[in-house]
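Reading the structure
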Amino acid sequence: MTYKRTIVITGGAGFIGSHVVRLFVNKYPEYKIINLDKLTYAGNLANLKDIEDKPNYRFVKMDVCDFEAFYRLIQDEKVDGIIHLAAESHVDRSIKDPFTFAQTNVMGTLALLQAAKLYWESLPERYEGKRFYHISTDEVYGALSLTDPDGIESPFTTAASSEHHHAYGRDFFLETTKYNPHSPYSASKASSDHFVRAFHDTYGMRPS
Ligand SMILES: NC(=O)c1ccc[n+]([C@@H]2O[C@H](COP(=O)([O-])OP(=O)(O)OC[C@H]3O[C@@H](n4cnc5c(N)ncnc54)[C@H](O)[C@@H]3O)[C@@H](O)[C@H]2O)c1
């Protein structure tokens, strides 16, 4: 079967990625969805049992740091889009093992970006119709202050939610908020964000 688009979703065996993969596989049968995951302690394919036999789904066990293997994969599969969720994501672990976080989150993201750049620039349409969608975290901005500890007047507190939920502040992070990472985890995610932006500004790649 010929698919309208082929999309790689990295980290698809993880907590958030498995929901993203399921959504895309079911909602877009005309797209081929490739779930790329190293299956670390955080990945579990049992999360995706219900879609593993769908014709538009493929699982590939791969490390995002393996530039050569990823470059081959996106050429073989003619990949149009990458949704990048794979990461070392546990703050406490990053305090004990910052090297692994820098390796996966920074070098892994850079490997995907460089492979996508080389492949997409080799095509006649170049970046037209191609997208690199990078998943960051609010933690790159640091922490919001407790301006409204009781949640009174908070736009998040409705009559229905007030018994169970209190907002902690009235400030928001915006896309223009200054980066202010503090943990090795957020420092590695901030660094990967900067590489994604650099690939847009330097090469014209279309990231989101
Ligand atoms: N969970 C949250 O609350 C939260 C909040 C903000 C942002 N995020 C971001 O969302 C993304 C997904 O988070 P999550 O909670 O689903 O993470 P998770 O830890 O549950 O899943 C991460 C997935 O990435 C895979 N992985 C790890 N290293 C890899 C590597 N080197 N190569 C290939 N795959 C690898 C793991 O096997 C796992 O399946 C991450 O980028 C994270 O930084 C998460």
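The next point concerns the overall build of the protein chain. In terms of helices and strands, the protein chain carries five helices and five strands. Written out in order from the N terminus, the α and β elements of the protein chain read β-α-β-β-α-β-α-α-β-α. Within the protein chain, the proportion of its 208 residues that are buried is 42%. A fraction of 73% describes how many contacts in the protein chain between residues 6 or more apart in sequence connect residues 24 or more apart. Roughly 11,900 Å² of accessible area belongs to the protein chain as shown, and the carbon and sulfur atoms make up 55% of that amount.

The next subject is the sheet that holds strand β3 (residues 57–61). With parallel pairing, the five strands of this open sheet are ordered in space as β3-β2-β1-β4-β5. Where the open sheet ends on each side, the last strands, each with one partner, are β3 and β5 (131–134). On average, each strand axis in the sheet is tilted by 15 degrees relative to the strand beside it, whichever way the strands run. Direction of pairing for strand β4 (residues 81–84) relative to β5: parallel, over a ladder of four bridges. Looking across to β5, one finds that Ile 82 is bridged to Phe 132.

Before going further, it helps to examine the packing of helix α2 (residues 67–76) against helix α4 (residues 98–121). Between α2 and α4, the least distance of the axes is 9 Å, while the angle of their chain directions is 40 degrees. Between α2 and α4, the angle is such that the two are oblique. Both α2 and α4 take part in a crossing whose hand is right-handed. Along the contact surface, α2 presents Phe 67, Phe 70, Tyr 71, Ile 74 and Gln 75, while α4 presents Ala 111, Leu 112, Gln 114, Ala 115, Ala 116, Leu 118 and Tyr 119. Residues belonging to the contact of α2 with α4 are distributed by class as follows: ten nonpolar, two polar and no charged.

Turning our attention to α2. Of the residues making up α2, those classed as buried are Ala 69, Phe 70, Leu 73 and Ile 74. Along the long axis of α2, the arc covered by the buried residues comes to 125 degrees, so they all point the same way. Each element contacted by the buried residues of α2 is listed here: β1 (5–10), β2 (31–37), β3, β4 and α4. One or two residues past the end of α2 sits Lys 78, with phi positive at roughly 50 degrees.

Of all hydrophobic cores here, the largest spans 25 residues; its most connected members are Val 8, Phe 70, Ile 82, Trp 120, Phe 132 and Met 205. Of all elements in the fold, only β2, α2, α4 and α5 (184–203) reach the threshold of two or more residues within this core. With six residues, the top contributor of residues to this core is α4. Not counting the four nearest positions on each side in its chain, Met 205 is found in contact with Leu 113, Ala 116, Lys 117, Trp 120, Tyr 127, Phe 132, Phe 199 and His 200.

Before going further, it helps to examine the environment of Ile 74. Turning to its location among the elements, Ile 74 is positioned in helix α2. For the pair Ile 74 and Trp 120, spaced 46 residues apart in sequence, the C-alpha to C-alpha distance is 9.4 Å. Residue contacts for Ile 74: discarding those within four places in its chain leaves Val 79, Ala 115, Ala 116 and Tyr 119.

Moving on, we come to the site of the ligand. Close to the ligand lie 26 residues, the nearest being Ile 16, Asp 37, Ser 89, Tyr 185 and Lys 189. The contact in question runs from an oxygen atom of the ligand to an N or O atom on the backbone of Ile 16, over 2.7 Å. Here a nitrogen atom of the ligand sits 3.1 Å away from a polar atom, N or O, in the main chain of Lys 38. In isolation the ligand offers 840 Å² of accessible surface; the protein chains occlude 86% of this area. For the shell around the ligand, a count of residues per class yields twelve nonpolar, ten polar and four charged.

About the criteria used
Residues numbered from 1 in each chain as written. Predicted model: local features only at pLDDT ≥ 70, side-chain atom pairs only at ≥ 80, totals over all residues. Heavy atoms only, no water. Helix = DSSP H or I, 4+ residues; strand = E, 2+ residues; numbered from the N terminus. Buried < 20%, exposed > 50% of the residue type's maximum accessible area, 1.4 Å probe, protein only. Contact = heavy atoms within 4.5 Å. Areas by Shrake-Rupley, 256 points an atom, 1.4 Å probe, with all protein chains shown as cover. Pairing = 2+ DSSP bridges. Axes fitted to C-alpha atoms, helices over the stretch in contact; angles between N-to-C directions. Parallel < 35°, antiparallel > 145°, perpendicular 65-115°, else oblique. Left-handed = near helix turned anticlockwise from the far one by under 90°. Nonpolar A, V, L, I, M, F, W, Y, C, P; charged D, E, K, R; others polar. Arc of directions from axis to C-beta. Core = buried A, V, L, I, M, F, W, Y, C linked by side-chain atoms within 4.5 Å. Near = heavy atom within 4 Å. Polar contact = N/O pair within 3.5 Å; in protein donor to acceptor, adjacent residues only side chain to side chain.

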